[in-house]
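# Survey of secondary and tertiary structure
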Amino acid sequence: MAKATAYYGHAPSNDELDEFYRLLTMPSMERDVLLEASTVTVSENQHFAIPSVVWP
Amino acid sequence: MALIVSLTPASRLFAGNPVKLSISTSSLCKYKVYVNNVLAYTGSGIGSFYTYLQDIIAARLVAPRPFNNDARMLIPATSGVRECLVSVENAAGEYWSTTFTAYLGGMSRAVLRSLGNSNIFTNRFLASTGNIFFTLRGTNDYVTVKETEISPLLFIYPLAGRLSVEYGGESYNLDGDAGAMYALNIEKIRRAFYDDYKCLPGLFNIRLDGDLVVSIGITPAELSRDRYYLRFLSSLGAYEVLEMKGLARRGSAEDNAETPTFDVFDDLVGGYRQQRGRVALRPKLSVSTGDVTEDELIFYQDMLASEDVTLLGYHGQEIKVLPSSPELTFAHNFSGSQSFNVDLIFSDQDDRYSMDDIDARLGDGRIHTHEFTDQFN
């Protein structure tokens, strides 16, 4: 998972993947910073939903 | 015409709305109501009469409590559904019976009036497209859930076909029994996409045999220093989570009855002085709702009307509260969003106080306790 790897600087462990998930799902500035750095996909009717996050 | 019986509504119905059994019989008849094969009520009558059965059925329904941390995408939720049978037999030996499925919850009177003879279950909860969930979130075309309010959504598994959840071309099958009640675990679905496909969907589709039923969108929550969560039983018989943000003010609501006082004779001065027992106060929390849009307003009104509201995570506890909003007014023609105050009066009143850190000493590991680790907790 390229994005998580970039975030932690190494292949993330299961605990770090849990942490990454927590960051992505928390309503805070940290999440928004992550979103800026991620590949964000826009779907139909996206105007009412938060962006989906996809990484290579 | 010796025995004519009708039951409305038929087939599937809400136990929170009237269930009318009309009987016309020329000889004495006995009617019996079975709920999940257990005899719940027996009555009798002669001539033309009617009776309402909803309270008998509602007393045997329990709201399901599915949790986000369940490992299943579809969580069976059987406690909010009961199979019922009504049988009528008169002295002449004539017999009539019918079966139906009863669900916890109910619809508003306005909807009941506009429905007329059509059935809400056929029109909405068992429809092949649209919002099939037992929730007031979103519209008929899509469901929106705030990211901080995600909780499993109740629905009836379609009578034919197989459901799946799809995002970005990837999908999971959702296998269930036709006509049974389940809760869709949104949290688990997002986590599965995260684990398996390296993506976190903000919007995904529920499909029936490949055809779109409804989209579920996760909407952003605003940043807030203070956040309170309420779990309440909705009009549709499902537990929902509601977030309140904004500063809360603590206070106490005193019961109206005056605290009794009594006189004690003081030998030293040879007179009486007044004394009282301990005063029981009922804690109260006043919270501002933060910005509420027109779509969300009905959700707040439903919470204010709910008979079962719990404040979650307040000092690490779940506390039953009675919500009210004494000065609830809002512009009839909504534009943008509005905010109003909600009073949460605790259901427990107390005349004894304990120090705040006693729960830590009782083994609930927090910061500044022996259980403290270098991880944030």
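Rules behind the numbers
- Residues numbered from 1 in each chain as written.
- Chains lettered and ligands numbered in written order.
- Predicted model: local features only at pLDDT ≥ 70, side-chain atom pairs only at ≥ 80, totals over all residues.
- Core = buried A, V, L, I, M, F, W, Y, C linked by C-beta atoms within 7 Å.
- Buried ≥ 20, exposed ≤ 12 C-beta atoms within 10 Å, placed from the backbone.
- Contact = placed C-beta atoms within 7 Å.
- Helix = DSSP H or I, 4+ residues; strand = E, 2+ residues; numbered from the N terminus.
- Nonpolar A, V, L, I, M, F, W, Y, C, P; charged D, E, K, R; others polar.
- Pairing = 2+ DSSP bridges.

All names here are of chain B. Ile57, Leu154, Phe155 and Tyr182 are the most contacted members of the largest nonpolar core, which totals 68 residues. Discounting residues that sit within four places of it in the chain, Phe155 has contacts with Phe125, Ile132, Phe133, Phe134, Tyr182 and Leu184. Formed by five residues, the second largest nonpolar core is a distinct cluster that contains Val5, Cys29, Tyr31 and Val88.

Residue and element names in this part refer to chain B. As for its placement among the helices and strands, Val19 is situated in the loop between β2 (12-14) and β3 (20-35). When the C-alpha atoms of Val19 and Leu7 are compared, they prove to be 7.2 Å apart, with 12 residues separating the residues in sequence. Excluding residues that lie within four positions of it along the chain, Val19 makes contacts with Leu13, Tyr52, Leu53, Gln54 and Ile57.

On to the interface of chain A and chain B. Across the boundary between the two partners, chain A contributes 19 residues, which contact 21 residues of chain B. Listed by contribution, the elements that provide at least two residues to the side of chain A that touches chain B are α2 (14-25) and β2 (52-54) of chain A. Looking at side-chain class alone, the side of chain A that touches chain B contains 12 nonpolar, seven polar and no charged residues. One ladder, built from two bridges, connects β2(A) with strand β13 (residues 199-200) of chain B; its direction is antiparallel. Within β13(B), the position partnered with Val53(A) by the bridge is Leu200(B).

Within the open sheet, the three strands sit side by side as β1(A)-β2(A)-β13(B). Their pairing is antiparallel. Sheet topology places β1 (39-41) of chain A together with β13 of chain B at the edges, where each strand pairs with a single neighbour. Bridge count between β1(A) and β2(A): three bridges; the pairing is antiparallel. Within β2(A), the position partnered with Thr39(A) by the bridge is Val54(A).

Moving on, we come to unusual backbone geometry. All names here are of chain B. That bond from Thr8 to Pro9 is cis: its omega, -10°, falls within 30 degrees of zero. When you line up the elements, Pro9 lands in the loop between β1 (3-8) and β2. The phi dihedral of Ser11 falls on the positive side, at around 70°, and the residue is not glycine. By the secondary structure assignment, Ser11 is in the loop between β1 and β2. The exposed category is assigned to Ser11, around which 12 C-beta atoms lie within 10 Å. Positive phi outside glycine occurs at Lys198, with the angle close to 55°. Within the secondary structure, Lys198 sits in the loop between α4 (186-197) and β13.

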